[in-house]
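This is what each chain is made of:
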Amino acid sequence: MSRGKSITDAYGSAALKTSDPVNHFQHFIGRRTPLMVVVSPQDTVVSSVKNGGRLAHLARAAGASVKVVQVSGQHLTHGDVNAEVGRQIGAFFLRHR
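Now for a look at the structure at hand. These numbers were taken from a predicted model, which means no experiment stands behind them. (Residues numbered from 1 in each chain as written. Predicted model: local features only at pLDDT ≥ 70, side-chain atom pairs only at ≥ 80, totals over all residues. Heavy atoms only, no water.)

**Comments concerning a nonpolar patch on the surface**
For step 1, the next point in the chain: There is a patch of nonpolar side chains on the surface, built from Val38, Ile89 and Phe93 and spanning about 260 Å² of accessible area.
For step 2, the next point in the chain: For Phe93, the location among the structural elements is in helix α4 (residues 83-95). (Patch = residues over 30% accessible without salt bridge, like charges linked within 9 Å, V, L, I, M, F, W, Y side chains within 5 Å. Areas by Shrake-Rupley, 256 points an atom, 1.4 Å probe, with all protein chains shown as cover. Salt bridge = Lys/Arg side-chain N within 4 Å of Asp/Glu carboxyl O. Helix = DSSP H or I, 4+ residues; strand = E, 2+ residues; numbered from the N terminus.)

**Here's the deal with the nonpolar core**
For step 1, the next point in the chain: Counting six residues, the largest nonpolar core is built from Val37, Val39, Ala56, Ala59, Ala64 and Val66.
For step 2, the next point in the chain: Elements supplying a minimum of two residues to this core: β1 (35-39) and α3 (48-61).
For step 3, the next point in the chain: Formed by five residues, the second largest nonpolar core is a distinct cluster that contains Val69, Val71, Val85 and Phe92. (Core = buried A, V, L, I, M, F, W, Y, C linked by side-chain atoms within 4.5 Å. Buried < 20%, exposed > 50% of the residue type's maximum accessible area, 1.4 Å probe, protein only.)

**Focus: the packing of aromatic side chains**
For step 1, the next point in the chain: One pass over the full model with this rule turns up one aromatic pair.
For step 2, the next point in the chain: With 5.9 Å between their ring centres and 85° between their planes, Phe92 and Phe93 make a pair best called edge-to-face.
For step 3, the next point in the chain: For Phe92, a relative accessible area of 5% puts it in the buried group.
For step 4, the next point in the chain: For Phe93, a relative accessible area of 55% corresponds to the exposed category. (Phe/Tyr/Trp six-rings, centres within 6.5 Å; stacked < 30°, edge-to-face > 60°.)

**What about α4?**
Since one α-helical turn is 3.6 residues long, residues separated by three or four positions face the same way.
For step 1, the next point in the chain: In this model α4 runs 18 Å from its N-terminal to its C-terminal C-alpha over 13 residues, within 8% of the 18 Å that 1.5 Å per residue would give.
For step 2, the next point in the chain: Along α4, the positions that sit buried rather than exposed are Val85, Gln88 and Phe92. Summarising the axial view, the buried residues of α4 lie within an arc of 60°, below the 170-degree limit, and thus occupy one face. Along α4, exposed side chains directed more than 90 degrees from the buried face belong to Ala83, Arg87, Phe93 and Leu94.
For step 3, the next point in the chain: Where α4 is buried, its residues touch β1 and β2 (66-70). (Expected span 1.5 Å × (residues − 1). Arc of directions from axis to C-beta. Contact = heavy atoms within 4.5 Å.)

**Some points on the environment of Lys5**
For step 1, the next point in the chain: Structurally, the position occupied by Lys5 is in helix α1 (residues 3-11).
For step 2, the next point in the chain: Taking the C-alpha atoms as reference points, Lys5 and Val46, separated by 41 residues in sequence, lie 8.9 Å from one another.

Written as structure tokens, this is what we have:
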């Protein structure tokens, strides 16, 4: 499945040109914009490699502080909503406030 199709399947009619952060990474150069990416290898709707992994790579290349949190399960299931993930999200926000 293509990256664009996986995003369209996940988010409906949102325009990729205005909604996809990959299109805006040229503006991140020199900024200290932190990014947290939550990915699941089992997600068949939004590929963790083609989407989250790519975002993390581009953000790191632009100099951003990046945290990748790997969860399990299909798209938006219980695997990404648990106490451990919540602790990691909280720590990320505390570190970058």
